[in-house]
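Understanding the architecture of this molecule
Chain by chain, the residues run as shown.
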Amino acid sequence: MPENASEVTAAGIARLAGVGRAAVSNWRRRHADFPKPVGGTDTSPAFALPEVESWLRAQGKLAEVPLRERVWQRAESHPAGTAAALRQAGAVCLLVRERPDAAPRMKGAQDTEAAEAVREVLERHFGGRFTPGAPVDAELLRGAAELAAGMGPRQAYEFLLGRHLDANPRQHTLTPPAPAELMAALAGPARTVLDPACGTGTLLRAAEAPHEVYGQEADPDLAALAALRLALHADPAAAVRVAGGDSLRADAFPALAADAVLCHPPFNERNWGHEDLAYDPRFEYGFPARTESELAWVQHCLARVREGGTVVLLMPPAAASRRSGRRIRADLLRRGALRAVVALPAGAAPPYGIPLHLWVLRRPDAGTPASPHLLLVDTAGSQDAAPGGEKVPWQTVRATVLDAWQSFDRHGTTEERPGVSRALKVIDLLDDDVDLAPARHLPPPAAGGGAAELAGVRDLLAATLLRTAELAPAPAGAAEPARWPLTTVGELARAGALVLRAGGNGSARPDGGPAVLTEHDVLGGGAPSGTLPEGPPGEEPVLTQEGDVVVPVLGRGSAARVVDAATAGAALGRNLHLLRPDPAALDPWFLAGFLRGTANNRQASSYASTATRLDVRRLQVPRLPLADQRRYGERFRTLAAFEEALRLAGQLGEQLVQGLYDGLTDGTVRPE
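Residues numbered from 1 in each chain as written. Predicted model: local features only at pLDDT ≥ 70, side-chain atom pairs only at ≥ 80, totals over all residues. Heavy atoms only, no water.

Labelled according to an unreviewed UniProt entry, the protein appears under the name N-6 DNA Methylase, originating from Actinacidiphila glaucinigra.

Structure follows, in structure tokens:
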């Protein structure tokens, strides 16, 4: 085996062959000619990719390794690390974007020629800041050039970078696209944009066609990857300048006066430079306490924006109310720098368990008096009305925030919306606490919509309870359990009685693509609420059809859902399997009903230290004539209707109870 041959883990082999990890383990045990490990560890061995490809082809388990998988495996096993490999691959993508004829030339290039091409591209775009990383892998460069020519340079790099980030989820705190787009919209159009903690460049990528992009990232490898991503995303005429290093301790752009600054700073850092920066001129609103690293980032951002320029930061909610930061918050208010505080719903961005805030600031203009008002917006209520159980209804959140901000920005005030938004006088906030949490200052909305709406909820609950009682099934007993001949889902699939597909494929198209049926939707009985992720075009998503049966595979208890006309056409989400029965052989309600049996799920499940996973192929179904299947199927359909009525009754009951508590406590409902 050549010394520079790529290596692949068992997980990589599973991806190449389209099987699970367990199948790879079985092959290793059962086939004496399976390739031997060439590296890794006892618990995570690595294998030579060419040997694995040859073995898979010989066994008929692989027709051809997809190009993007070959390039990724080459990058993942690079001796200098994946980040160095992606730096080289990104440079090739840039080269192909500039000169589309570079791909065929790269295919026949000698190793030294390919390496020189990469160095020249990086030097031209980024000066001497980012070297290609040694050693240069010419085979990787040729594969990346071919991938860029086929998929498009930006899409090819996004695919490789996405794989890298997915493989190392704990190493990086990523800003999701939706809050990034909202932050960019709040900042508005800007010729020059800075992100001093840019990560992978998501915030700068969301900015509206800037002419100059500046970023800094403490991790030098991540800074190089972000620079390449931004260069591929930006207009070719735009200038992209990204530097490695800590912005607070080693500011790379000390003379910059950007039009806008977007930032998702690291939270709760104690070692941010408190001992070294006591007399730094950036801290003109007060020197932050050791526990107030976020307020250090706020002032750094204000120092790097021009007068009248806008700063938008994603902040932890504690930064709005901690006593140690009250004097800095007070000075930001007095001088008119802090213009708005927006509370997002929980789950908007990591850490997902808390409702983060957006702070919108403007660097004071010497000729303009300070604003006497602060805009406060709370979007937590949007989550309560999210369609289909969607965790964060971004379309509603975005509209609520931008409507309030644009009105406030134009007029200096905005119409008060109880529980949602309000322009509060700064003087009313300058007390001992200077607490800026929006929920503490917004007038509460009418409880449950008022007494009249609560009465309507009560009437609907009563009708639902009556229907639930009508649907409640009466079990008919039998002397002994049935002894049916059984088959498995895997056997039914091999016989052609059903088609089995796994979800989670596909990426968003320009028109947004279909809604995604998620695990949450299946378990909660809601409408499809997910969206396809951004990414390069690849395998098409699996679209549901009426009569399909959808099964979650992660351990949440037994569940199976028959797709109706309203859900048909949705894309199948991750951790879901779709079973499409042949109507001439299988009744879908019969199939879904037996898949939900507790004993059936228990025997088809495997257990890890933290989760239970269902092997759908091992689920069992009785062998019954179609007429008998339909009799069972009709009973299962009635059970599903009863379950849905129970679910609705529970939701209405919770709404009525909470509405009455709120109404009694705020006075809109009387105890009489």
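1. Concerning the overall build of the protein
Secondary structure assignment for the protein yields 22 helices and 22 strands. Compactness check: the protein gives a C-alpha radius of gyration of 29 Å against a globular reference of 26 Å for 672 residues, within 12% of the reference. Here the C-alpha coordinates of the protein stretch approximately 90 × 85 × 40 Å along the principal axes. Across the 672 residues that make up the protein, the buried fraction comes to 49%. (Helix = DSSP H or I, 4+ residues; strand = E, 2+ residues; numbered from the N terminus. Rg over C-alpha atoms; globule rule 2.2 N^0.38 Å. Buried < 20%, exposed > 50% of the residue type's maximum accessible area, 1.4 Å probe, protein only.)

2. Focus: the sheet that holds strand S16 (residues 549-552)
Read from one edge of the open sheet, 4 strands run S14-S19-S16-S17, paired in antiparallel fashion. This sheet does not close on itself; its edge strands, each paired only once, are strand S14 (498-502) and strand S17 (561-562). Across 4 bridges, the pairing between S16 and strand S19 (residues 576-581) is antiparallel. The partner of Pro552 across the bridge, within S19, is Leu576. (Pairing = 2+ DSSP bridges.)

3. Quick look at the pattern of salt bridges
Should the charged atoms of two oppositely charged side chains come close, the side chains can pair. All told, the structure shown has 29 salt bridges when counted by the stated rule. Measuring nitrogen to oxygen at the nearest pair gives 2.9 Å for the salt bridge that ties Asp221 to Arg87. In this pair, Asp221 is assigned in helix H12 (residues 220-233) and Arg87 in helix H5 (residues 82-98), connecting sequence segments 134 residues apart. Note on Asp221: relative accessible area 34%, which makes it partly exposed. Close ionic contact of Asp246 with Arg249 constitutes a salt bridge, the shortest N to O distance being 3.3 Å. Classification of Asp246 by relative accessible area gives partly exposed; the value is 25%. A single network of salt bridges, built from pairs that share partners, joins Glu98, Glu120 and Arg124. (Salt bridge = Lys/Arg side-chain N within 4 Å of Asp/Glu carboxyl O.)

4. Structural notes on the side chain of Asn600
Within the fold, Asn600 resides in helix H21 (residues 598-603). With a relative accessible area of 9%, Asn600 lands in the buried category. Reaching out from Asn600, the side chain makes a polar contact with the backbone oxygen of Gln620 at a distance of 2.8 Å. Every residue in contact with Asn600, bar those within four places of it in the chain, is listed here: Phe594, Leu595, Leu619 and Gln620. (Polar contact = N/O pair within 3.5 Å; in protein donor to acceptor, adjacent residues only side chain to side chain. Contact = heavy atoms within 4.5 Å.)

5. Quick look at the pairing of strand S10 (residues 357-362)
Counting buried residues along S10, 6 of its 6 residues qualify, which places the element largely inside the surrounding structure. Burial along S10 is two-sided: the residues His357, Trp359 and Leu361 and Leu358, Val360 and Arg362 are all buried. Relative to S10, strand S8 (residues 305-315) is paired through 6 bridges, and the arrangement is antiparallel. Counterpart to Thr310 in the pairing with S10 is Arg362. Relative to S10, strand S9 (residues 338-343) runs antiparallel, the two sharing 5 bridges. Across the sheet, the residue bridging to Leu338 is Leu361, located in S10.

6. So, the packing of aromatic side chains
For the structure on display, the rule yields 14 aromatic pairs. Consider the rings of Trp405 and Phe408, whose centres lie 6.2 Å apart with planes at 35 degrees: the pair is tilted. Of this pair, Trp405 and Phe408 both sit in helix H16 (residues 394-411), separated by 3 residues, roughly a single helical turn. Both residues of the pair, Trp405 and Phe408, count as buried. Here the aromatic cluster, defined as three or more aromatic residues joined through ring pairs, consists of Trp484, Phe590, Phe594, Tyr632 and Phe636. (Phe/Tyr/Trp six-rings, centres within 6.5 Å; stacked < 30°, edge-to-face > 60°.)

7. Some details on H5
With 17 residues, H5 should reach 24 Å at 1.5 Å per residue; the first-to-last C-alpha distance of 24 Å fits that figure. In terms of burial, H5 is largely enclosed, as 15 of its 17 residues are buried. (Expected span 1.5 Å × (residues − 1).)

8. Details of the sheet that holds strand S1 (residues 7-9)
Strand order in the open sheet formed by 3 strands is S1-S3-S2, and the pairing between neighbours is antiparallel. On the outer flanks of this sheet lie S1 and strand S2 (39-40), each paired with one strand and no other.

9. Examining the packing of helix H4 (residues 67-76) against helix H9 (residues 153-167)
Remark: H4 packs on H9, axes separated minimally by 11 Å, with the N-to-C direction vectors making an angle of 50 degrees. Judged by the angle between their axes, H4 and H9 are oblique. Viewed along their axes, H4 and H9 form a crossing whose handedness is right-handed. Residues Arg68, Glu69, Val71 and Trp72 of H4 lie in contact with H9, whose contacting residues are Phe159, Leu160, Arg163 and His164. (Axes fitted to C-alpha atoms, helices over the stretch in contact; angles between N-to-C directions. Parallel < 35°, antiparallel > 145°, perpendicular 65-115°, else oblique. Left-handed = near helix turned anticlockwise from the far one by under 90°.)

10. Focus on the environment of Glu53
When you line up the elements, Glu53 lands in helix H3 (residues 49-58). When the C-alpha positions of Glu53 and Ile13 are compared, they lie 8.8 Å apart, and in sequence the two are 40 residues distant.

11. Structural notes on the nonpolar core
By size, the foremost hydrophobic cluster in this structure holds 86 residues, and its most contacted members are Leu182, Leu186 and Leu344. Counting contributing residues, this core receives three or more from each of domain 2 (67-167) and domain 3 (236-440). Counting 43 residues, the second largest nonpolar core, distinct from the first, contains Ala243, Ala258, Trp359 and Leu442. (Core = buried A, V, L, I, M, F, W, Y, C linked by side-chain atoms within 4.5 Å. Domains from an automatic or database assignment.)

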